[in-house]
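Letter by letter, the chains look like this.
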Amino acid sequence: QSPMASFKEIGHIISEDASLTAKVLQIANSPIYASHEKVSNPMQAAVLLGVNTIKALIIFVAVFSKNSTESILKSSTKKEIENHCLKVAEIAQEITRFFSTDKEIIDNVFVSSLMHDFGKIVLLEISNEYVNLLHEEKNVNRNIVEKEMEMFGTSHCEIGAYLLSLWGLPDSILEGVAYHHNPSQADTPYIPLVAALHIANVLAVEYDVNKIEDFKTLDKNFIKENSYSEILEKILEKYHQENMEAK
């Protein structure tokens, strides 16, 4: 069977689910992939994105699917997490180009970024108090991982990585999810991926910060020890220039 036949089959499967089709086309036409032509059908999207990214999007749509029994607050919180994951994936993939031109690494960064907060969805399902914790996080300068450890004895990072390990995702993606708040703990081979995800996550939250020393959630020791300060300065310059142009 030819590769194009396989992509045609994948496109057909995607087209049978309206929400999945919409999300796949949204990603395929986003600045992340910067295709010169508008992608108008799932088969085109499958060819552009690749099988691994399509798999990740299928999982993503399933995880963030709306539950009719959810409260309005929980549903809106899930939507905020979904939008944050998409934003981080977009920023992280752009950042990765400063570290590597390898398509596999760039794609793995996208997948790990897309899934980095899946653990929060699990905690939302098992604890009614977690919604309040997430909204409190926006107003209090304290690491959410510390609060989660106090409440549950684990964190959304650990839960997310464990969940993805059960689904058979590669170690590089698990490392990104597990250490996106604490990149200094990551294994050496995966540091570029973890660095891209960590920086993107920080930028998505602290989007109005212009200087490295002013970030509250950035692991500055990790950035310095791995000689990423100069790269981060370039990323900040580019990122804020694009934000100014978008206004």
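Relevant structure appears above.
These notes cover the structure that comes with them. Bear in mind the structure is a predicted one, so any value in this text is a computation, not a measurement. (Residues numbered from 1 in each chain as written. Predicted model: local features only at pLDDT ≥ 70, side-chain atom pairs only at ≥ 80, totals over all residues. Heavy atoms only, no water.)

Along the protein chain, the regular secondary structure elements total 14 helices and 0 strands. Shown N-terminal to C-terminal, the secondary structure of the protein chain runs as helices and strands in the order α-α-α-α-α-α-α-α-α-α-α-α-α-α. Its C-alpha atoms give the protein chain a radius of gyration of 18 Å, near enough to 18 Å, the size a compact globule of 247 residues would have. Across its three principal directions, the C-alpha atoms of the protein chain cover 50 × 45 × 40 Å. (Helix = DSSP H or I, 4+ residues; strand = E, 2+ residues; numbered from the N terminus. Rg over C-alpha atoms; globule rule 2.2 N^0.38 Å.)

Applying the stated criterion to the full structure yields 6 aromatic pairs. Ring geometry for Tyr130 and Phe152: centres 5.9 Å apart, planes at 65°, overall edge-to-face. With Tyr130 in helix 8 (residues 129-137) and Phe152 in helix 9 (residues 144-152), this residue pair connects regions lying 22 residues apart in the sequence. Among the residues examined, Tyr130 registers a relative accessible area of 0% and is labelled buried. (Phe/Tyr/Trp six-rings, centres within 6.5 Å; stacked < 30°, edge-to-face > 60°. Buried < 20%, exposed > 50% of the residue type's maximum accessible area, 1.4 Å probe, protein only.)

Looking now at the nonpolar core. Formed by 45 residues in total, the largest nonpolar core has its most connected members in Val24, Phe64, Leu114 and Leu164. Here the element with the most residues in this core is helix 4 (residues 51-63); it accounts for 6 residues. Look past the residues within four positions of Leu164 in its chain and what remains in contact with it is Met115, Phe118, Leu169, Ile173, Leu174 and Val177. By size, the runner-up hydrophobic cluster in this structure holds 26 residues, among which are Val88, Ile95, Leu203 and Ile235. (Core = buried A, V, L, I, M, F, W, Y, C linked by side-chain atoms within 4.5 Å. Contact = heavy atoms within 4.5 Å.)

This part is about the pattern of salt bridges. Tallying each qualifying case throughout the model produces 5 salt bridges. Across the pair Lys79 and Glu82 runs a salt bridge whose closest N-O atoms are separated by 3.5 Å. In this pair, Lys79 and Glu82 both sit in helix 5 (residues 72-99), 3 residues apart, roughly one turn of the helix. Judged by its relative accessible area of 8%, Glu82 falls in the buried class. (Salt bridge = Lys/Arg side-chain N within 4 Å of Asp/Glu carboxyl O.)

Keep in mind these numbers describe shape, not what the thing actually does.
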